[in-house]
Structures are given as structure tokens and as C-alpha cells.
Amino acid sequence: MSTFSRRGFLGLTSAAALGAGLSACTGGGTSTGGGATQAASNNLRLFTYEGDETIGLLKAQLKKFDEQNGTTTTVDSLPGSGAAVYPDKLRTELLGGKGPDVWRIWGGQIGAPFAKAKQSLDLSPYYSKYGWDSKINTQAIGGMTFEGMKAGVPFVSLGIGAWYNKSLFAKAGVSGPPKSYAELEAINDKLVAVGVTPCGLGGKYGWDIMRLFEYLLEHTAGPELHDKLLTGDESWDRPEVVEAFALFKKWQDKKWLPQGALGLDPADIEPAYVQGKTAYTITGPWTEAAAILSAKKSSSAFGTFELPTDKTPARHSGFVEGYMINAKSGNADKAAALIDFIIQPATQKALQVTASTVKGAEPDPKTLPLAAEWAQKYGSNPFYTIQDQAFPKKQADQYFSVQSDLLQGSVKPDAAAKKMQEIVSAWAKS
Amino acid sequence: MATTVALSKPKRRGRWSPWLFALPALIVYVGFLVYPALSSLWFSLTNWDGLSATYKFVGLDNYLKMPSDPVVVTAVKNNLIWTVVTIAVPTVIGLLLAIALNGKVHGKPILRLIFYTPAVLPLVSIASIWGWLYNPQYGAINSFLRLIGLDGLAQPWLGQDSTALWAVMVPAIWLRTGFPMLLYLAALQGIPNELYEAATVDGASKWQQFWNVTMPSLRPAHYIVLALSLIDSFKVFDMIYAMTYGGPGTSTQVMGTWMYFNVFQYYQAGYGTAIAVVITLVAIAVGIPYVRSQTKEAS
């Protein structure tokens, strides 16, 4: 009896441990991708990552939509989570069979898996019905079209540039933004000389500090080669890439980046230019509302400029964000109507969208003067796909790892270029 | 005959009654543990991306490619370091604190509270607090080092491969010391004073009393502390995820985070699940001696 009990207990305990461990990595063990199509109703659910400063505006507009259409739209938001976390939550909801009817998502390789897995609806019929093709910027639509399928409706096309603190530039004797890469380097030296860290970027997650490297690559490789590198049509093992990696290391060695930048959280270091701890950062127009205005600072104390590449055409990094519709939603028509409502110029203005893809929805210079200035000066410039959307997450992480090794000195620029070629060619072949 | 029937009825009821009582729990157990576990085992043999409706059976491919994955090698090494350090250090410190607090110490309840408080703080809060303490420019640790003239020791603690894992282990030790301290304290209070009196009469020094009276009496507590610490160490995920996100690069990846990255971020649910299976099997293997010891005692 005692032998049986012990074995039984061991067996049961082992099974329990096996069960507890394994069950932690499955969302219920179904492979159907979330079950059958949901029943039609007047209830819509929208999932987004809208921040606290704008979620109220969105809810107000959705209420307006509900009043006009007899629907009840609820909003779930995961603010500040970034592209590293938000897609996981969305994926889990979809697999659980209770996915939202509409969700906000980034374009490129972040949104692509949802289209590839057929979790998002092909929106071509709605593009025809609502005439979105003629209302929305064509390049932006391309950012949410995957293997020919229009899987999303981009409503924002964001450009990445430098956002700087005017008083710190003045402290260093800098009269205005740089016109060339050499001038930017000279500004960095002047800032360091007066004890100011020039560029506030953080390496935790990889994507923030990547914005510097992709700029340097645009500077050394130029638009045509840069684009081919991102698609794997040209080898990374080449002098232009080696030079970009060498410059990247130079930025750290000359203390143009914060000390220990690799371990810093972007959420902590990006707003440092508003706090006067760094002179500038590389970010998008959302920073005006999220960092400047939320800190009760005046936009007039700050400025923005496109990072000079010395190449023609002048380009900056950019990406799109838009909405997708759940392929299993029972309310696809209403969801499409909701998206159409959101991309109306009046709604876009009410939402204070800083870089709308819709004509007639330019940012209001009175509310967001810097975002309006950016849109006016650089909004029509072409952009290259931001690199964490150009590569799938796995390859992007491998790429961040190369950057990390380079900045720590364990890999030289030429070896980094070779490693990148291995990563990109393996992806291109897959 | 009538007597036989009368006796057999209660016997039958006795045989099935335990199962009837256990049935509700068994249903929950099967539904929420056994079924998902078997599903996971199945998915580890497929190439499922974790999002699509379809997948292919790939046999043991996911398991076979693990040894050639350089991040798995890093993660296994980090898991081993993590396990050894975060078991040994909190256990020793916890024991020392328990011994100190078991004596005549002023403010004992307050000290207990202070030492145990980190254990009840949310891990994400701990990660955030320590993330700021480690901030290379403005963090308290580097500021203190500079203040006392040790500028050379100021480091980007979380921003370089050589220190990142160790830097994450410090708060892990900090928060995990309170638990063994409490268990040891309870065990110490259960040791009869007569044993120490007898040892004193026999001429045993304090050191000899510790090794020959205290430590043997703490054996059951050692089992519990070590087993629970071991399980805790294998589960490491949240501290790494919140403090370094596996970086810089992949230098602080552990098996738990690498499983998560593959399942939830890289759309390689099959491979990620295979990693989960391996973690579970290893955890069971190292947990068996503890289970055996407990069942021996029970029997």
C-alpha cells in the first residue's frame, strides 16, 4: 500500500508539474485560430494603444459614431506598450476567440503576420465601397498591403526626425539645426564641450537606438542602396554598411549618446530632451503631445529638423499605423463604417492626429505647432521604412543584437556588416 | 447471505466515494492542466506559428535544432548561473538573518518586516525601482560610487553583457531572502532549548552547537527552502523581462524568456513550445528527489 501511494504520489506530482509547466505556454491548445465567426450585433470592440492624452478624444468620437449608427463601441487600450508588447496581447485575444472587431496596428512586418495568418480581413471590397484609395496617401496604403492584400487602413504616416531643446543648443552656441551630417557632428561636439549629452536614445528593446543606425545607413548608403539592403536585394557585407557601423560606434565613443545607452529604457531617456538632460532625440511628432505638452512646457522652447543625410532625395525614417478588421468579426460592415468615420478629416482633426494620411486633416498649428511645422516642411518628403518594420521581429532582434555587440566593442564594424548579411540573407531565403 | 449483502454495500460505496469527492477537482485538473499540457506537447512537434489555423507535423525537428541555437546555449548557461546564485545566496543570508533575529534583538518585529517586505512587492515595481537605481547617469548606485571617489567602478550595469545578468540577480536576491528567513526563523523557534543546554553542559562551543544541533534540526526546513527556491529559480522570467528584456543583445536571455520570445513574438509557437517542454522536463527531473524525500517521510 505504501509503495503504491508513493509511486502514485510521484506520478501525480510529476504529471501536475508537467501540466503546470506546459500549460503556461498555450492559450488553450486550439489550433483553429480563435474559433468560428462571431455573431452579428450592434456591439463593436476596438483595441488600440492610444495614450492617456488622446484616449479621451477617441472615446468622444466613437460616441459620436455610435449615436449616428445605433452601435455601442467599447475601447480597450494598452498605452505605452510599444510594438514589443501590444501585438502579443492582440494575438492572445484573437486566439482566445474573443478578439476585437477592429484593432490599431503598425504596418510593415508588425502587421504582416496578422494578414498572413488570415486573422485580419481583406479590406479590398471596403476600399472600393468607401473610395479609400483616393482619400488616403498611396505610399501609406502600401505599408498595410501584404502580398497584394489590403489588410489595413492606414490613418497615420509618421516621420522620424530630430526633436531638440532650443536652450541647450543655445548654451552650446548652436544657432540652428544642421544642414549637413558634418554640421550635425560639429553640433554634437559643441554640446559635449558644454557638458550636455547630445542625443537621448535607449537600447532596451533595440528599436530606439536603431533609429540612429538607420539614419547613418541612409547617410552612407543613400536611398537606392538602403532600400535594396532592407529587402535583401543587396549584400550588407559592403563598405557603405561598414562605414555606417563605424559611425554608430563613433557616436557612442565620442559620448554623443548617453552613458550606458544600451541599458536605458526609451520611455525614460526619450523625454530627457524636454527635461533638459539631453539636447535632442530621434522620434516622431507624437512627442509634442506625449512629452512636451504633457510636461506643461511650451512648444516654442523646442524645435525639430530632418536629420541631414547629404543625399538626394532627402528622406527620413517613417512608418504607418492603421486599423485592421477581425476576419471573424460578425460586424465587418459596421467595423468598416467605423474606420471610414475615423478617417474623415473632421474626425482626424478632432483626434489631433499629428500626421494623418488623409488629405485635409493636417495638424492644427495652434494646438500642435511643432507637429504642424514638421508636416509642412518634411511631411511630403519620401521616407524609408523604419527598420523594425522592415524586418520580421526575429530578424530585427538579431539585428539589434549585432548593434549591441558593436557598441560594446565585441564585434568590429566589418564583422557586424558580415553578420547582418548572414541574418538578412537567411531571412530572404526563408 | 443477508449478512454478506449487508457488508458488501458499504465496501462498494467506500471504493468509489473518494473518486466522487475528487471528481470536481479532477475535471478542473484535466481541463486546465492535462489537456493544455498534452496540446503543448503536440504543438512542440509541429511548425505552428501560433496564429494561423493550419500547421504541419515536423516530428522532433524543433527539439533537434535547439542545440544549434546559440541563444539556447546562452539561455541554458544563464539559467544555471541564475539557479546556483539565487538559491545559494538568499538561503545563506536568510539563515544568517534568522539566527540573528532568533536571539535577543531589539525591534525584532520591525526588522522581520523590513527583511520580508521585498518578498511581497510586485516584481514589476522591483524591476522599475532597480532599473532607476542602476541608471548609468542618474542612478543612486553610480552616484554613490562617484560621491565616494570610486568613479572607476561606476558602470552601465544593465547596458553591458559582462554585468547585466549579475545586476538583475541582485534585486532577485534582495526579494528572495525574506522567504527562507521566515521559514528558518519558524524552524529555529521549534528547536527545544534543552538540546542547547545539554550541548553547553557537554562543553560544546557556539560553533559546534550550530553544526551539531542547529543544522540537523533544520533539515526539514532546508528541504522546503531548497525545493521551493529551485522551482522559483527555474521559473525565472519576469525580472529578466522587465529589467533587460533579454538584452543587451541576447546576453541575459534565459529559457523562460526565450520560450516567450519564440511563442509570442517570433510566431514560432512550435519551437517555443518545445523549449517549454524541455524546461518542464528538467524541472521535474530536479524536483523528483524532493518529492521522493517527502513521500518517504509521509509513508
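Residues numbered from 1 in each chain as written. Chains lettered and ligands numbered in written order. Predicted model: local features only at pLDDT ≥ 70, side-chain atom pairs only at ≥ 80, totals over all residues. Heavy atoms only, no water.

1. What to know about the packing of aromatic side chains
Taken as a whole and assessed by the stated rule, the structure comprises 48 aromatic pairs over all chains. An angle of 80° between the planes, with centres 5.2 Å apart, marks the rings of F210 of chain B and W211 of chain B as edge-to-face. Stacked on the ring of Y127 of chain A, the Lys or Arg K150 of chain A has its end atom at 4.9 Å from the ring centre. A cation sits over an aromatic face here: K65 of chain B above Y271 of chain B, 4.7 Å from the ring centre. (Phe/Tyr/Trp six-rings, centres within 6.5 Å; stacked < 30°, edge-to-face > 60°. Lys NZ or Arg CZ within 6 Å of the ring centre and 35° of its normal.)

2. Description of the confidence of the model for chain B
Residues and elements named next belong to chain B. Confidence in the prediction of chain B, expressed as mean pLDDT, is 90, and 95% of residues score 70 or more. No element of chain B has a lower mean pLDDT than helix α1 (residues 2-43), which averages 80, and none a higher one than helix α2 (residues 61-64), which averages 97. Confidence over residues 1-5 falls short of pLDDT 50; this stretch has zero contacts with residues more than four positions distant or in other chains. (pLDDT = per-residue confidence, 0-100. Helix = DSSP H or I, 4+ residues; strand = E, 2+ residues; numbered from the N terminus. Contact = heavy atoms within 4.5 Å.)

3. Points about the pairing of strand β3 (residues 102-106) of chain A
All names here are of chain A. Most of β3 is tucked away: five of the five residues are buried. Judged by which residues are buried, β3 turns out to be covered on both faces: V102, R104 and W106 on one side and W103 and I105 on the other are all buried. Summarising the sheet, β3 and strand β10 (residues 316-325) pair through five bridges and their orientation is antiparallel. When the bridges of β10 are listed, V102 appears paired with I325. (Buried < 20%, exposed > 50% of the residue type's maximum accessible area, 1.4 Å probe, protein only. Pairing = 2+ DSSP bridges.)

4. Section: the pattern of salt bridges
All names here are of chain A. Counted by the stated rule, this structure contains 23 salt bridges over all chains. The salt bridge involving E50 is made with R104; its shortest N-O contact spans 3.0 Å. Of this pair, E50 sits in the loop between β1 (43-48) and α2 (52-69) while R104 sits in strand β3; the two residues are 54 residues apart in sequence, bridging distant segments of the chain. The shortest N-O distance in the salt bridge between E321 and R104 comes to 2.7 Å. Here the residue E321 occupies a position in strand β10, and R104 occupies one in strand β3, the gap between them amounting to 217 residues. When salt bridges with common partners are traced through the structure, they connect R45, D76, K89 and E93 into a single cluster. (Salt bridge = Lys/Arg side-chain N within 4 Å of Asp/Glu carboxyl O.)

5. Regarding the pairing of strand β9 (residues 302-305) of chain A
All names here are of chain A. Burial of β9 is two-sided: the residues F302 and T304 facing one way and the residues G303 and F305 facing the other way are all buried. Two elements, strand β6 (residues 153-165) and β9, share four bridges in a ladder whose sense is antiparallel. Note that in β9 the partner of Y164 across the bridge is G303.

6. A few points about helix α20 (residues 413-429) of chain A
Residue and element names in this part refer to chain A. Here α20 is 17 residues long and its end C-alpha atoms lie 24 Å apart, about the 24 Å a rise of 1.5 Å per residue gives. Here α20 has its buried residues at A416, A417, M420, I423, V424 and W427. Buried residues in α20, looked at end-on, bunch into an arc of 125°, giving them a common side. Turning to α20, the residues buried within the fold contact α4 (108-116), α10 (207-231), α11 (239-253), α18 (387-390) and α19 (393-407). (Expected span 1.5 Å × (residues − 1). Arc of directions from axis to C-beta.)

7. Structural notes on the domain arrangement of chain A
Residues and elements named next belong to chain A. Assigned domains within chain A: domain 1 (43-158 + 318-383) and domain 2 (159-317 + 387-429). Taken over C-alpha atoms, the centre of domain 1 sits 27 Å from the centre of domain 2. Residue-level contacts link 24 residues of domain 1 with 30 residues of domain 2. When domain 1 packs against domain 2, the two sides together hide about 2,200 Å² of surface, and 66% of this comes from carbon and sulfur. Linking domain 1 with domain 2 are zero salt bridges. Summed over the shared surface of domain 1 and domain 2, the result is five residue pairs in polar contact (both at pLDDT 80 or more). Counting only elements with at least two residues in the side of domain 1 that touches domain 2, the list comes to α4, β6, β10 and α17 (369-378). Here the element with the most residues in the side of domain 1 that touches domain 2 is α17; it accounts for six residues. Residues belonging to the side of domain 1 that touches domain 2 are distributed by class as follows: 14 nonpolar, eight polar and two charged. (Domains from an automatic or database assignment. Buried area = accessible area lost by both parts, 1.4 Å probe. Polar contact = N/O pair within 3.5 Å; in protein donor to acceptor, adjacent residues only side chain to side chain. Nonpolar A, V, L, I, M, F, W, Y, C, P; charged D, E, K, R; others polar.)

8. Overview of the side chain of N79 of chain B
Residue and element names in this part refer to chain B. With respect to the secondary-structure elements, N79 resides in helix α3 (residues 70-102). Side-chain polar atoms of N79 contact the backbone nitrogen of M255, separated by 2.7 Å. When sequence neighbours within four positions are dropped, the list of residues in contact with N79 reads S233, V236, V254 and M255.

9. Thoughts on the packing of α3 of chain B against helix α7 (residues 161-176) of chain B
Residue and element names in this part refer to chain B. Close contact between α3 and α7 brings their axes to 9 Å; oriented N to C, the two are set at 35°. Pair α3 / α7 crosses with right-handed handedness. Every residue of α7 that contacts α3 at N78, I81, W82, V85, T86, V89, P90 and I93 is listed here: L165, W166, V168, M169, A172, I173 and R176. (Axes fitted to C-alpha atoms, helices over the stretch in contact; angles between N-to-C directions. Left-handed = near helix turned anticlockwise from the far one by under 90°.)

10. Brief notes about the confidence of the model for chain A
All names here are of chain A. Here chain A averages 89 in pLDDT, and 91% of its residues register 70 or above. Contacts of residues 1-15 to residues separated by more than four positions or lying in other chains number 13 contacts, the stretch itself having pLDDT below 50. Below a pLDDT of 50 lies the segment residues 20-34, which in the model reaches 42 contacts outside its immediate sequence neighbourhood of four places, other chains included.

11. Details of the environment of A40 of chain A
All names here are of chain A. You can see A40 is positioned in the loop between α1 (2-23) and β1. Assessed through its relative accessible area of 60%, A40 is described here as exposed. In this view, A40 contacts G330 and N331; residues no more than four positions away in its chain are not counted.

12. Description of a nonpolar patch on the surface
A cluster of nonpolar side chains, W16, W19, L20, L23, L26 and I27 of chain B, forms an exposed patch at the surface whose accessible area comes to about 670 Å². Along the chain, the position of W19 of chain B falls in helix α1. (Patch = residues over 30% accessible without salt bridge, like charges linked within 9 Å, V, L, I, M, F, W, Y side chains within 5 Å. Areas by Shrake-Rupley, 256 points an atom, 1.4 Å probe, with all protein chains shown as cover.)

13. Quick notes on the environment of D397 of chain A
All names here are of chain A. Of note, D397 is situated in helix α19. Assessed through its relative accessible area of 12%, D397 is described here as buried. Placed 306 residues apart in sequence, D397 and R91 show a C-alpha to C-alpha distance of 19 Å.

14. Structural notes on unusual backbone geometry
Trans is the common state for peptide bonds, and a negative phi is the common state for residues other than glycine. Look at the link from T312 of chain A to P313 of chain A: it is a cis peptide, with omega at -5°. In this fold, P313 of chain A is placed in the loop between β9 and β10. Along the chain, G247 of chain B connects to P248 of chain B via a cis peptide bond; the corresponding omega equals 0°. Its location among the elements puts P248 of chain B in the loop between α12 (238-243) and α13 (255-265). Phi at E147 of chain A takes a positive value of approximately 50°, unusual for a residue other than glycine.

15. What about the packing of α11 of chain A against α20 of chain A?
Residue and element names in this part refer to chain A. Closest axis-to-axis distance for the α11/α20 pair is 8 Å, and the angle between their directions is 125°. Here α11 lies oblique to α20, going by the angle between them. Here α11 runs over α20; the crossing is right-handed. Note on element contacts: α20 touches α11 through P413, D414, A416, A417 and M420, opposite V241, V242, F245 and A246. (Parallel < 35°, antiparallel > 145°, perpendicular 65-115°, else oblique.)

16. What to know about the nonpolar core
Nonpolar side chains tend to gather and get buried jointly when the protein is soluble and globular. One finds I105, W132, W236, W251 and Y280 of chain A to be the most contacted residues of the largest nonpolar core, which totals 118 residues. In terms of residue count, the dominant contributor to this core is α10 of chain A (eleven residues). A domain-level breakdown of this core finds at least three residues from each of domain 1 (43-158 + 318-383) and domain 2 (159-317 + 387-429) of chain A. Discounting chain neighbours no more than four positions away, the residues touching Y280 of chain A are A162, W163, Y164, F169, L184, N188, L191, P198, C199, G200, W251 and Y273 of chain A. Counting 26 residues, the second-largest nonpolar core is a separate cluster that includes A84 of chain A together with W48, Y241 and F261 of chain B. (Core = buried A, V, L, I, M, F, W, Y, C linked by side-chain atoms within 4.5 Å.)

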